[in-house]
Each structure stands twice: as structure tokens, then as C-alpha cells.
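As a plain string of letters, each chain reads:
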Amino acid sequence: MPATSLDQLVSLCKRRGFIFPGSEIYGGLANTWDYGPLGVELKNRVKKEWWKTFVWKRQDMFGMDAAILMNPKTWEASGHVGNFSDLMSTCRFCKKLIRADHWDGLVEESAWFRSLKELYAAQKDVTLENLGDWGQKEGKKLAPNLAVVRNPSVTLSWLSEYLENASRVAEEGTLIQSNFREIIKYLATEQLKKTGLVLPCPYCGGELTPPKPFNLLFKTNQGVIEDEGTAIFLRPETAQGIFVNFRNVVNTMRPRLPFGIAQIGKAFRNEITPGNFTFRTREFEQMEIEYFVEPGKEAKIFDEWKEAVWNWYTGLGITQKSLRVREHDKEELSHYSSRTVDIEYRFPWGFGELFGLANRGDFDLSQHQKFSGEDLTYTDPDDATKKFLPHVIEPSFGCDRTVLTFLLEAYTEEKLENGETRTVMKFDPRLAPVDVAILPLSKKEHLIAKAQELYKKIVQETDLVCDFDVTGSIGKRYRRQDEIGTPQCVTVDFGTLGEDDKQGTKDTVTIRDRDTLKQERLTIAELVQKLRD
């Protein structure tokens, strides 16, 4: 069963060297994570499988790796300079930035909101007095900057007036029967006539400023002297590096439509997030494809890509019941898209976007043609008079989200026959950071020497990643390898040396399967062949 909470996974990731908090010795930097020795192996294998499936095994695909820093006109043409912003509010007390479209979800997750909901659930009629008591007890602990905590008499007087005007007054006291969200705003408002109703901060309850546009581009300067340098941006997506090289790829590779260009690379967005580990970060890696098609032929190709991506995820171990396809409503569509579909994964906090597929039309190529003044039309190889701007289908994968998904899906807790519980990461063998572990039964020097000999043989004769572990009992080492997802463990014992026939015959070893726990005795030659296969 996949992990049911992020806490389980975050703990294992740090303990076993998958993912560490960024800059931890300096107290960290919010929203940054470092991939450790096992995490980078897992991530590289995810990228390799993606590249193998969507580039190496297709005749219609080409790869590239564009620069992170691009001419600033690129982002003017793409619309990022003018349109790439979110509405943001700042808490006047704790100074945290809150995305306006995330406020509902963040408030619902907050401890103080849940505490208020519990108050309503426990009592049939909640009065102003009840709310005042809550503010001075639970509210003071959970939302110290909420107006009803700091200045209860004034805040509740506004609420009382609102309820009276709404004709909600009872003999025994003022009953709170109004819209719950409206009540929350009143509990956050201290100076109603001056500010109007305000929204509370999800974190401390403080007053949020009115939302203002917040540009998501990371800006920097190119040049030795900052004031004299040229302002440039860290790319917010990898796609534009493909579009500006469209003509170069066509001229050098001579492709026929339809064809695609794939790229894996870092992107940067100065956005505020609620966390959720590596799900949404300011620095992230994308695996993107821009697939160029003749106008009018997008529909079938769009559906083919949707199916291909679904099969890739499920083929690497993501269960179908954990995935869903969600079509964007017209109101959700980006300005460049005529159709967008997301493949979403059931994360511990609910469904979230894992992959996006968009029909971008000719927006990008036409914009770059307009802003650069260069001709980006495609000429049909069979008819030189047929020139046009291809339309684009964009399959876009979040690499870090994909890695997180495989981590969550692999996490398993199993009850063993002896009553113990083991934690095991059931990665598809193609993704496991370590392919095989060599475990000498004891620390006897001649036994370790034999195990080292086998280790070197496997490393030299195969392309497998091999671990060598001598620390702790054999049982603890098995559990350690289970927790990092190693598919096979090989134990070298005194039978291998020919010193103990009960353990096995000379030059044989025991291989243990991660998932079934089945153990098999093989000769060293048979072992190497099995691992190679």
C-alpha cells in the first residue's frame, strides 16, 4: 500500500539518503530540497526511462538541452513578462505571502480553522460568547493574531451588528447561523469601517492585505557591474528553449511532420507554495516535449499522447486506481491552449497534477516569429509551395513530482509471519537506486575478501549499481536494503568459501528477493548470469 502521509516518506527519505532539506546546517531555505546519494540515482533512472521511451525508441523524436538563461525578448514573446503572475496577499503580522487562489485550501488545512469546525460540530447553537471563549483559549494558541483573539469586544461587536441586520437574533443569545466563511472574515476584522471585511492568514490568523499581482519570474543581471548589466530571467519553463530552436532542428535533422523535440532541464518560478515536500518548489526539473503537427491533425495525436503517457506511468508501477484524467474547463485554459488534460495522482493530501497535455496551437511559433522577425514557417518536403506554422501538442512532465509519485507508490509496510513489520520500497527494478547488494555473513577478513571479489566481478561484468554492506546483523542489513528498495541481496557465507557444507557448497551464494523474500542458492556463475538477465 502506498504511503498514506508525507511524514512517513519524508522521514524515510532523510534517514536513507533519498532527499535532504536544502542548506540544512544553516537552518534550511524554505521550499528547497537536495537529492542525496540514493535520490539522485532514483531521479536519474526516472529520467533515463523517460528518455528511452519517448526519445530513443521513437523515430519521430529528437533531444536537446537549451540554456537556462535566454534573451529577455524570449519571455516578452511568450507572454511571461506581461502575464506570468499570481495574485498574492501578505500577512500584516507574520509577513507570509499567500496566493489568493490557495487561500481556501490553506485555511481548511489550518489547525485553528479545524478547531472552529469542531466547536460547531460539538454544539448545536454557537453564540458570540462561545466564540469569545474560543478566541481566548484555543484561538490564542492556534491563531494568536486573529482579531477576535487580540480585540474580542470590538470584533464580536461587528459580528453582532451583522447578525442583527440579518435578523438572526434569538432570546437566549445571538446564534451563529450564517455562512461559515463570512463568520471567519468577521473574526479576522478589527477595523471594519476602515478596511472592510478582511481575510485571515491561514498560519497565524493575522489580517491579509488585498491581493496584488506577484510576478513569478526570477530576475537577475548579466554583467560584472549590477547597475550596468542587462536584466535577464531564469527560465520559468523549458518549452521556450525548444521553440526558439525549432528552425535549427528542422534545418539540421530534416524531420517530416509530425515530429517532436524533447528536453529535460531545470526551471524556476518565484511562487509561494503550501509545501507538500517536493510537489511544488521554486526550483524544479521538467521533462517536456513539443510535438509539431500539421494544423487540423491535432485531435488524434493528442489522444495518442494521453494514452502513451498513461501507459508509461502504469508500466513503471503506478496503480491505475491512483491515477485519473481530468479535462480542463474553458475557464481554466491557459491563454495559448485550446485543450488541456491533466493526469493526476492521488497524493496523501488529495489528487494533484502529475502531467499536463496541452494543445498550444501555433501560439508560440507565431509569437517568436513576430518578436524576432525571423521566418519560422515549415516547408512541406513534398510540396515546396506548402508553407505554414505547425501546431504544437505539449506533453509536460514534472520530473520532481514524478519521482515523488514513485516514492509514494513504492512505500509499503508489511506484516511478516513472525509478527514484525517491515518497511520496503517496492520500486520497479528499472527505477531502484541500487540493483544488488553484496552482504558478507560476518566481518571475518577472508569472508569479506571473497565478498569483495564477487562485488568487483559484478561491477566489471554488468552495468548494475552494486552496494557492499558489512555493518550490523544480516537481518538488519536485509531490512536496510528493503528500505531503499534493492531488488536483490546476495549473501556470501562460509559455504561460499567451502568451510561449512551446511550453509552451502563451495562457490555458491544465497540470493534473496526483495518482494517475495524467497531465497535461492546459486553458483557464482549462475548468479552473474541471473543478474545480467
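The rules behind the values
Residues numbered from 1 in each chain as written. Predicted model: local features only at pLDDT ≥ 70, side-chain atom pairs only at ≥ 80, totals over all residues. Heavy atoms only, no water. Helix = DSSP H or I, 4+ residues; strand = E, 2+ residues; numbered from the N terminus. Buried < 20%, exposed > 50% of the residue type's maximum accessible area, 1.4 Å probe, protein only. Contact = heavy atoms within 4.5 Å. Areas by Shrake-Rupley, 256 points an atom, 1.4 Å probe, with all protein chains shown as cover. Lys, Arg positive; Asp, Glu negative; His and termini not counted. Charge placed at Lys NZ, Arg CZ, Asp CG, Glu CD. Pairing = 2+ DSSP bridges. Axes fitted to C-alpha atoms, helices over the stretch in contact; angles between N-to-C directions. Expected span 1.5 Å × (residues − 1). Core = buried A, V, L, I, M, F, W, Y, C linked by side-chain atoms within 4.5 Å. Phe/Tyr/Trp six-rings, centres within 6.5 Å; stacked < 30°, edge-to-face > 60°. Lys NZ or Arg CZ within 6 Å of the ring centre and 35° of its normal. Disulfide = S-S within 2.5 Å. Parallel < 35°, antiparallel > 145°, perpendicular 65-115°, else oblique. Left-handed = near helix turned anticlockwise from the far one by under 90°. Nonpolar A, V, L, I, M, F, W, Y, C, P; charged D, E, K, R; others polar.

> Lay out the overall build of the protein chain with the relevant residues and their values.
Broken down by element type, the protein chain carries 19 helices and 23 strands. By its C-alpha atoms, the protein chain is 90 × 75 × 50 Å across when sized along the principal axes. A buried classification covers 49% of the 533 residues belonging to the protein chain. Pairs at least 24 residues apart make up 65% of the contacts formed inside the protein chain by residues separated by at least 6 positions. Counting only carbon and sulfur atoms, one obtains 49% of the accessible surface of the protein chain, whose full area is about 26300 Å². Between the centroid of the 72 positive side chains of the protein chain and the centroid of its 80 negative side chains there is a distance of 2 Å.

> So what's going on with the sheet that holds strand β21 (residues 488-492)? Which residues, and what values?
Adjacent strands of a sheet form backbone hydrogen bonds with each other and so pair up, either parallel or antiparallel. Read across the open sheet, the five strands follow the order β20-β19-β21-β22-β23; overall the sheet is mixed. Among the strands making up the open sheet, the edge pair consists of β20 (466-468) and β23 (519-523). Across this sheet, the average inter-strand angle for adjacent strands is 25°, counted without regard to direction. Where strand β19 (residues 436-440) lies against β20, three bridges are found, and the strand directions are parallel.

> Report on helix α14 (residues 298-315), specifying residues and quantitative values.
Over its 18 residues, α14 runs 25 Å from end to end, which matches the ideal 26 Å to within 8%, given 1.5 Å per residue. At the exit of α14 stands G317, carrying a positive phi of roughly 110°.

> Any chance you could break down the pairing of strand β12 (residues 339-347) for me, citing the residues and the numbers?
Regular strands show a simple pattern: their side chains alternate between the two faces of the sheet. Taken across its nine residues, β12 has seven buried, putting it largely inside the fold. Here five bridges tie strand β11 (residues 323-327) to β12, and the two strands are oriented antiparallel to one another. Along β12, the bridge assignment pairs L323 with Y345. The sheet contact formed by β12 and strand β13 (residues 350-361) spans nine bridges and is antiparallel. Bridge pairing in β13 links V341 to L357. Hairpin connection of β12 to β13: two residues between the antiparallel strands.

> If you had to explain the nonpolar core to someone new, which residues and values would you point to?
Judged by nonpolar contacts, the single largest core of 55 residues is most densely connected at F18, W50, W305, Y313 and L407. Counting residues in each nonpolar core, the second largest holds 33 residues, with L131, A143, L159 and V198 among its members.

> Account for the packing of aromatic side chains, naming residues and giving values.
A complete count under the given rule lists 28 aromatic pairs for this structure. Residues F246 and F259 carry aromatic rings whose centres are separated by 6.2 Å and whose planes lie at 10° to one another, so their mutual orientation is stacked. Highlighted residues: F246 in helix α13 (residues 246-253) and F259 in strand β9 (residues 259-268), separated in sequence by 13 residues. Through pairs of rings, three or more aromatic residues link up here, namely W50, W51, F54, Y291, W305, W312, Y313, F355, F397 and F406. The ring of F279 carries R401 above its face, with NZ or CZ at 3.9 Å from the centroid. Directly above the aromatic system of Y478 lies the positively charged group of R512, at a separation of 4.4 Å from the ring centroid.

> So, helix α6 (residues 111-122): which residues are in play, and what are the values?
Along an α-helix, residues three or four positions apart point the same way, because every turn accommodates 3.6 residues. In a regular helix each residue adds 1.5 Å, so 12 residues correspond to 16 Å; α6 covers 16 Å between its end C-alpha atoms and thus fits that length. For α6, the secondary structure elements touched by its buried residues are α5 (103-109), α7 (128-142) and α10 (180-188).

> Describe in detail the sheet that holds strand β10 (residues 283-293), supporting the description with residues and values.
As summarised here, the arrangement of the seven strands in space is β3-β9-β10-β16-β13-β12-β11, forming an open sheet in which the pairing is mixed. The two strands at the open ends of the sheet, each matched to only one other strand, are β3 (61-63) and β11. Neighbouring strand axes in the sheet, compared pairwise and without regard to direction, differ in orientation by 25° on average. Contacts from α13 reach β3, β9 and β10, with the element oriented near 140° to β9.

> So, the state of the cysteines: which residues are in play, and what are the values?
Here is the idea: a disulfide is a covalent bond, and it sits between the sulfur atoms of two cysteines. Counting across every chain of the model gives zero disulfides. With no disulfide of its own, C201 has C94 as its nearest cysteine by sulfur position, at a separation of 3.7 Å.

> Run through the packing of helix α2 (residues 37-56) against α14, naming residues and quoting values.
Here α2 crosses α14 at 140°, and the two axes come no closer than 12 Å. One way to sum up the angle between α2 and α14 is to call them oblique. Once α2 is placed against α14, the crossing between them reads as right-handed. Contact residues: V46, E49, W50, T53 and F54 in α2; W305, A308, V309 and W312 in α14. Tallied by class, the residues present in the contact of α2 with α14 amount to seven nonpolar, one polar and one charged.

The quantities given are spatial measurements derived from coordinates; they are silent on function.
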